[in-house]
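The residues making up each chain are set out below.
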Amino acid sequence: MGKIEAGAGLRNQILTGDCIEAMAALPAASVDLVFADPPYNLQLRGDLHRPDNSRVDAVDADWDRFASFEAYDAFTRKWLAQARRVLKPNGAIWVIGSYHNVFRLGAALQDAGFWILNDVVWRKSNPMPNFRGKRLTNAHETLIWAARSDKARYTFNYEALKTLNEGTQMRSDWVIPLCTGHERLKDENGDKAHPTQKPEALLHRVIVGTTKPGDVVLDPFFGTGTTGAVAKRLGRDFIGIEADPAHAARARARIDRTVRLDSDALEVTGSKRAEPRVAFGVLVERGMLRPGEVLTSPRGAAAKVRADGSLITAEHRGSIHQVGAALEGAPSCNGWTYWHFKREGRAIPIDFLRQQVRSEMAAG
C-alpha cells in the first residue's frame, strides 16, 4: 500500500486491509486521536451454551485467535508503534479491552512511550449473564486513555464533560448500556453484523471529551464504523481501517446515512482556563469599579478598591485573591466569585464584570 497523501484526501476514508500496513502508509503526525478496539484474544475453548442448551453468539472469528500470548503481544507492539507514529505530538489514544487483554495492553502502551492519563471502567447496565455459573458476571470493560507522551498538551474538554454529567465532574466509571435495539447492525440473515459493536454513547463521550471539531480520529479496528459515524455527527473527521470487506461496506453505508450536526449544535462548554485573562485592574481602569468603592464578601467582610487594582482592609492589602484568602484564613481564594459590588441594592459578583469584558474582547 503506497503512501496516502495528507490533506483532504486523508480524511473520511475507510481503508480495507491489515491495520499495521495501512497505518504504515499514513503520514506521520497526521491524526489527533486514536480510538482502538483491538482483538481481545478471548482464548475460547469450544462453544458457550445457555442453560437451555442454545448456543451463545460469542466472539470466535479468526481475527481474535492468536497462537500464544507472545504472538498477541508482538501484534500489539506493532500496531501501537504505528499508532504513535501517526499521532500528532499533542495527540492521544483510547484503547478498550477486557480482562483477557487489557493488562497486556497497558504494559505495551507504557513500553511504547505513551503516558497513561486514566483508566475508565465502562460498566454495562445490561451485561450478558454468566451462563456457566463458574465466575462473576463480566459486567464491565476497561478503556485506557493515554497521551502520546508525558509532554503532550492533549485535548481535554473538562467543562463539556462536566456539563454532560449534569454539572458534576465526570468520573472514571461510566454506566452505559451495550449496543442493542435499532443501533445494532444486522446482516442479511437478521443476525448481529459484528459481535463486538460498541454503543454510540461510549464514542460520543470519548469524542466530545477529548477532541475538537475538525480533528481527525483514527480507528484501526473499524468494524461497523461506530467511531466514524459518531465522529461525522460531531463535526470531526475520521480514518477507519478494517480487514473485513463486508464490515467495511456496512460501515460505509452507515456513515453515509449519518448527518453531520450544524456548527451551533457542535459548540460545547469551554474551559474557563482557555478564556482570555482579564486582570481585576482592568475593571478599575475602565471605570466599571471606582477607586474607593467598597466590595463585600458573602460573610459580610468589606474591602476598599484602590486605584492600582488592589484591595485594602484595616488589616490586609493585596490582590482580590490574597485579601479574600487572608480574611477566610484559607490557603487560597477565588476573588472573582468571593467579592461582590452593589448596584441598585443588589450584591453582584465581580466576575459578572469580568465576563462583560471577555464578551467585548470576543466581539472585537
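The rules we used
- Residues numbered from 1 in each chain as written.
- Predicted model: local features only at pLDDT ≥ 70, side-chain atom pairs only at ≥ 80, totals over all residues.
- Heavy atoms only, no water.
- UniProt positions renumbered as here; feature names shortened; annotations may be inferred.
- Helix = DSSP H or I, 4+ residues; strand = E, 2+ residues; numbered from the N terminus.
- Buried < 20%, exposed > 50% of the residue type's maximum accessible area, 1.4 Å probe, protein only.
- Pairing = 2+ DSSP bridges.
- Axes fitted to C-alpha atoms, helices over the stretch in contact; angles between N-to-C directions.
- Contact = heavy atoms within 4.5 Å.
- Phe/Tyr/Trp six-rings, centres within 6.5 Å; stacked < 30°, edge-to-face > 60°.
- Lys NZ or Arg CZ within 6 Å of the ring centre and 35° of its normal.
- Polar contact = N/O pair within 3.5 Å; in protein donor to acceptor, adjacent residues only side chain to side chain.
- Salt bridge = Lys/Arg side-chain N within 4 Å of Asp/Glu carboxyl O.
- Expected span 1.5 Å × (residues − 1).
- Parallel < 35°, antiparallel > 145°, perpendicular 65-115°, else oblique.
- Left-handed = near helix turned anticlockwise from the far one by under 90°.
- Nonpolar A, V, L, I, M, F, W, Y, C, P; charged D, E, K, R; others polar.

The protein has the name Methyltransferase in an unreviewed UniProt entry, where Rhodobaculum claviforme is given as its organism. Under Sequence similarities (unreviewed entry), UniProt gives the following word-for-word description of the protein: "Belongs to the N(4)/N(6)-methyltransferase family." Within the UniProt record for the protein, the comment given under Catalytic activity (unreviewed entry) is "a 2'-deoxyadenosine in DNA + S-adenosyl-L-methionine = an N(6)-methyl-2'-deoxyadenosine in DNA + S-adenosyl-L-homocysteine + H(+)".

### Describing unusual backbone geometry
Of note in this structure, Asn12 is not a glycine but carries a positive phi near 60°. Inspection of the secondary structure puts Asn12 in the segment before β1 (13-16). Unusually for a residue other than glycine, Glu344 sits at a positive phi of about 55°. Here Glu344 falls in the exposed class, since its relative accessible area comes to 84%.

### Notes on the sheet that holds strand β5 (residues 140-147)
In spatial order, the strands read β1-β8-β7-β2-β3-β5-β4-β6; together these eight strands make up an open sheet with mixed pairing. Two strands bound the open sheet, and with one partner strand each, they are β1 and β6 (173-175). Averaged over all adjacent pairs, the angle separating strand axes in this sheet is 20°, with direction ignored. Its contacts with the sheet place helix α5 (residues 200-210) against β2 (31-36), β3 (87-97), β4 (115-123), β5 and β6, and it is angled at close to 155° to β2.

### Re the packing of aromatic side chains
Using the criterion set out here, one finds ten aromatic pairs in the structure. When the ring of Phe75 is compared with that of Phe221, the centres are 6.2 Å apart and the planes differ by 65°; the resulting orientation is edge-to-face. You can see Phe75 sitting in helix α2 (residues 69-86) and its partner Phe221 sitting in the loop between β7 (216-219) and α6 (226-233), a full 146 residues away along the chain. Residue classification places Phe221 among the buried residues on the basis of a relative accessible area of 15%. By the ring-pair criterion, three or more aromatic residues cluster together here, those being Trp94, Trp145, Tyr154, Phe156, Tyr158 and Trp174. In this structure, Arg84 is placed above the aromatic ring of Phe114, and the distance from its NZ or CZ to the ring centre is 5.9 Å.

### Some points on α5
Since there are 3.6 residues in each turn of an α-helix, residues three or four apart along the chain are aligned in direction. Most of α5 is tucked away: nine of the eleven residues are buried. Where α5 is concerned, the buried positions are Glu200, Leu202, Leu203, Arg205, Val206, Ile207, Val208, Gly209 and Thr210.

### Overview of the side chain of Lys198
Mapped onto the fold, Lys198 is located in the loop between β6 and α5. Residue Lys198 is classed as buried on the basis of its relative accessible area of 7%. At 2.8 Å, the side chain of Lys198 and the side chain of Asp37 are in polar contact. For Lys198, the residues in contact, after removing those within four places along its chain, are Asp37, Tyr40, Ile96, Trp122, Glu141, Cys179, Glu183, Leu203 and Thr226.

### Focus: the pattern of salt bridges
Across all of its chains, the model carries 14 salt bridges by this definition. Where Arg104 meets Asp73, a salt bridge forms, and the shortest distance between an N and an O atom there is 2.8 Å. Placement of Arg104 in helix α3 (residues 102-111) and of Asp73 in helix α2 is noted, with a sequence separation of 31 residues between them. Ionic contacts of the salt-bridge type, sharing partners, join the residues Arg11, Asp237 and Arg260 into one network.

### Looking at α2
Here α2 is 18 residues long and its end C-alpha atoms lie 26 Å apart, about the 26 Å a rise of 1.5 Å per residue gives. Those residues of α2 that sit buried are Tyr72, Asp73, Phe75, Thr76, Trp79, Leu80, Gln82, Ala83 and Val86. Residues of α2 that are buried sit in contact with α1 (19-24), β2, β3, α3 and β7.

### As for the pairing of β4
Of the pairings in the sheet, the one linking β4 to β5 comprises eight bridges and is antiparallel in character. Across the sheet, Val120 pairs through a bridge with Leu143, a residue of β5. With three bridges joining them, β4 and β6 adopt parallel strand pairing. Bridge assignment links Arg123 to a residue of β6, and that residue is Val175.

### Considerations on the packing of α2 against α3
Where α2 meets α3, the closest approach of the two axes is 10 Å, and the angle between their N-to-C directions is 45°. On the basis of the axis angle, α2 is oblique to α3. Here the hand of the crossing between α2 and α3 comes out right-handed. From α2, Phe69, Tyr72, Asp73, Thr76, Trp79 and Leu80 reach across to α3, where they touch Arg104, Leu105, Ala108 and Leu109. Of the residues contributing to the contact of α2 with α3, the split by class is seven nonpolar, one polar and two charged.

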